[in-house]
Amino acid sequence: MPESLTLPDEAATAALGRVLARALTSPLEAGVCLWLEGELGAGKTTLARAILRALGHAGRVPSPSYTLIEPYELPQGEAYHIDLYRIGSANEADFLGLAELPGPRRLLLIEWPEHGGRRTPAADMRVQLAIGGGGRRARLVPASPAGEAVLAAMS
Ligand SMILES: Nc1ncnc2c1ncn2[C@@H]1O[C@H](COP(=O)(O)OP(=O)(O)OP(=O)(O)O)[C@@H](O)[C@H]1O
Ligand SMILES: [Mg+2]
């Protein structure tokens, strides 16, 4: 898996989501947190949607822009798709209860993780998306041994 990927269209972003989802299967047992980083419209929700569908969610995957957190029941455990863009203060972040989310057998997909400050759960992998190259670019930056395992399982 090269350091930086070019994603020419939405289908390529979704394909990356499917590859990521396959690599997540075994780390999911212990719990995995992916930070989905990048500017407005970089493709974070598109990627989250593809990951959740590839992990077996058949229904809609709405953007959590307004609800901030959307829970999912997956065959392998629970997933929480979180968007911290609208978090205005540390109190609001506390109110969301990020620290109380279950640890094992759960997947966290967090858009705008930087808006949660130190309340944002630590990343195992940072997926950095950017607009460019006629579509999007992606970089995968592992941030823990579990993240390293995910990256290794992708190649
Ligand atoms: N590789 C790509 N090339 C071109 N367009 C893409 C690509 N991936 C996703 N898109 C498109 O970019 C648009 C924005 O995507 P998306 O909503 O996933 O972004 P986001 O990062 O979640 O934005 P926000 O910060 O507002 O939550 C969508 O119309 C989507 O189809
Ligand atoms: Mg989004």
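Coordinates for the structure precede this section.
Residues numbered from 1 in each chain as written. Chains lettered and ligands numbered in written order. Predicted model: local features only at pLDDT ≥ 70, side-chain atom pairs only at ≥ 80, totals over all residues.

**Thoughts on the site of ligand 1**
So, point 1. The local shell around ligand 1 holds 18 residues, among which Gly43, Lys44, Thr45, Thr46 and Gly135 are the closest.
So, point 2. Among the secondary structure elements, those contributing two or more residues to the shell around ligand 1 are helix 1 (10-24), helix 2 (44-54) and strand 7 (135-142).
So, point 3. Residues of the shell around ligand 1, tallied by class, amount to 4 nonpolar, 9 polar and 5 charged. (Near = placed C-beta within 6 Å. Helix = DSSP H or I, 4+ residues; strand = E, 2+ residues; numbered from the N terminus. Nonpolar A, V, L, I, M, F, W, Y, C, P; charged D, E, K, R; others polar.)

**Observations concerning unusual backbone geometry**
So, point 1. For arginine 105, which is not a glycine, the phi torsion comes out positive at approximately 50 degrees.
So, point 2. Exposure remark for arginine 105: the 14 C-beta atoms within 10 Å place this residue in the partly exposed category. (Buried ≥ 20, exposed ≤ 12 C-beta atoms within 10 Å, placed from the backbone.)

**Focus: the environment of leucine 28**
So, point 1. Position of leucine 28 among the secondary structure elements: in the loop between helix 1 and strand 2 (32-37).
So, point 2. Sequence-wise, leucine 28 and serine 4 are 24 residues apart; in three dimensions their C-alpha atoms are separated by 24 Å.
So, point 3. Residues within four places of leucine 28 in sequence aside, it is in contact with Gln76, Gly77, Arg105 and Leu107. (Contact = placed C-beta atoms within 7 Å.)

**As for the sheet that holds strand 1 (residues 4-7)**
So, point 1. In spatial order, the strands read 1-7-6-2-5-4-3; together these 7 strands make up an open sheet with mixed pairing. Edge positions in the open sheet fall to strand 1 and strand 3 (69-74), since each of these has one partner strand only. Looking at each pair of strands side by side, their axes are set apart by 20 degrees on average, direction ignored.
So, point 2. Most of the contacts of helix 1 go to strand 1, to which it runs at about 135 degrees, and overall it touches strand 1, strand 2, strand 5 (106-111) and strand 7.
So, point 3. The sheet strands contacting helix 4 (residues 145-154) are strand 2, strand 6 (125-132) and strand 7, and the helix crosses strand 7 at an angle near 130 degrees. (Pairing = 2+ DSSP bridges. Axes fitted to C-alpha atoms, helices over the stretch in contact; angles between N-to-C directions.)

**Comments concerning helix 1**
So, point 1. Its 15 residues place the ends of helix 1 21 Å apart at the C-alpha level, agreeing with the 21 Å of an ideal helix rising 1.5 Å per residue.
So, point 2. Among all positions of helix 1, only Thr13, Leu16, Gly17, Leu20, Ala21, Ala23 and Leu24 are buried. Looking down the long axis of helix 1, one finds its buried residues gathered within 160 degrees of arc, a one-sided arrangement.
So, point 3. Packed against the buried residues of helix 1 are strand 1, strand 2, helix 2, strand 5, strand 7 and helix 4. (Expected span 1.5 Å × (residues − 1). Arc of directions from axis to C-beta.)

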